[in-house]
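Here is how the chains run, residue by residue.
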Amino acid sequence: MPRVLIVDDSPTETYAFQGMLEKHGIEVLTADNGADGVALARQELPDVVLMDIVMPGLNGFQATRQLTKGADTAHIPVVIVTTKDQETDRVWGRRQGASGYLVKPVAEAELLKTIEAVMAGKTLG
């Protein structure tokens, strides 16, 4: 069973994503800020990280960079999931090492397809 870490400071968003994933047999871990997300990813080594951008403290771009550049976590694909829909944000996300970029609200089918694709080694969006 795949394990997905959701890093998002919105309890509503986290709950929605968790529900979508768990009904498809995906184990979900959660963190409500970037620093805790990085620490939990290093401890648990999930299969995929879903990363919000706008969070207090360590933002999603910074957390993504730490995970994708870290020796122990570089193999974990990070998918940015955010309301930020500018091309500059997408480019910056790719530069931080993100494997995918989704704009909220995210349809369940698109979320599942993206997780499956990045787990197979593909880079999207």
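Residues numbered from 1 in each chain as written. Predicted model: local features only at pLDDT ≥ 70, side-chain atom pairs only at ≥ 80, totals over all residues. Heavy atoms only, no water.

Each helix and strand in the chain was counted, giving five helices and five strands. Seen through its C-alpha atoms, the chain measures out along the principal axes to roughly 30 × 30 × 30 Å. Within the chain, the fraction of its 125 residues that count as buried is 49%. For the chain, the share of sequence-separated contacts (at least 6 apart) that also reach a separation of at least 24 residues comes to 62%. With the model as given, the accessible surface of the chain reaches about 6100 Å², and the carbon-plus-sulfur share is 51%. (Helix = DSSP H or I, 4+ residues; strand = E, 2+ residues; numbered from the N terminus. Buried < 20%, exposed > 50% of the residue type's maximum accessible area, 1.4 Å probe, protein only. Contact = heavy atoms within 4.5 Å. Areas by Shrake-Rupley, 256 points an atom, 1.4 Å probe, with all protein chains shown as cover.)

A few words on the UniProt feature "modified residue: 4-aspartylphosphate" (unreviewed entry) in the chain. In this structure's numbering, the residues bearing the UniProt feature "modified residue: 4-aspartylphosphate" (unreviewed entry) are Asp 52. Within the element layout of this structure, Asp 52 appears in the loop between β3 (48–51) and α3 (60–69). Judged by its relative accessible area of 6%, Asp 52 is buried. When sequence neighbours within four positions are dropped, the list of residues in contact with Asp 52 reads Val 7, Asp 8, Asp 9, Gly 60, Val 81, Thr 82 and Lys 104. (UniProt positions renumbered as here; feature names shortened; annotations may be inferred.)

Before going further, it helps to spend a moment on the packing of α3 against helix α4 (residues 87–95). Between α3 and α4, the shortest axis-to-axis distance is 9 Å and the interhelical angle comes to 30°. The angle between α3 and α4 places the two elements in the roughly parallel class. Contacts between α3 and α4 involve Phe 61, Arg 65 and Lys 69 on the former and, on the latter, Asp 89, Trp 92, Gly 93 and Arg 95. Within the contact of α3 with α4, the residues separate by chemical class into two nonpolar, one polar and four charged. (Axes fitted to C-alpha atoms, helices over the stretch in contact; angles between N-to-C directions. Parallel < 35°, antiparallel > 145°, perpendicular 65-115°, else oblique. Nonpolar A, V, L, I, M, F, W, Y, C, P; charged D, E, K, R; others polar.)

In spatial order, the strands read β2-β1-β3-β4-β5; together these five strands make up an open sheet with parallel pairing. Two strands close off the open sheet at either side, each with one partner strand: β2 (27–31) and β5 (100–103). With strand direction ignored, the average angle separating the axes of adjacent strands in the sheet is 20°. Judged from the four bridges that link them, strand β4 (residues 78–82) and β5 form a sheet pairing that is parallel. Across the sheet, residue Thr 82 finds its bridge partner in β5, namely Val 103. The sheet contacts of helix α5 (residues 108–119) involve β1 (3–7), β3, β4 and β5, and relative to β3 the element is tilted by about 135°. (Pairing = 2+ DSSP bridges.)

Taken as a whole and assessed by the stated rule, the structure comprises nine salt bridges. Taking the shortest distance from any N to any O, the salt bridge between Arg 3 and Glu 27 comes out at 3.7 Å. Here Arg 3, found in strand β1, pairs with Glu 27, found in strand β2; they are 24 residues apart in sequence, far enough to count as distant. Among the charged side chains, a salt-bridge network with shared partners connects Arg 3, Glu 27 and Glu 44. (Salt bridge = Lys/Arg side-chain N within 4 Å of Asp/Glu carboxyl O.)

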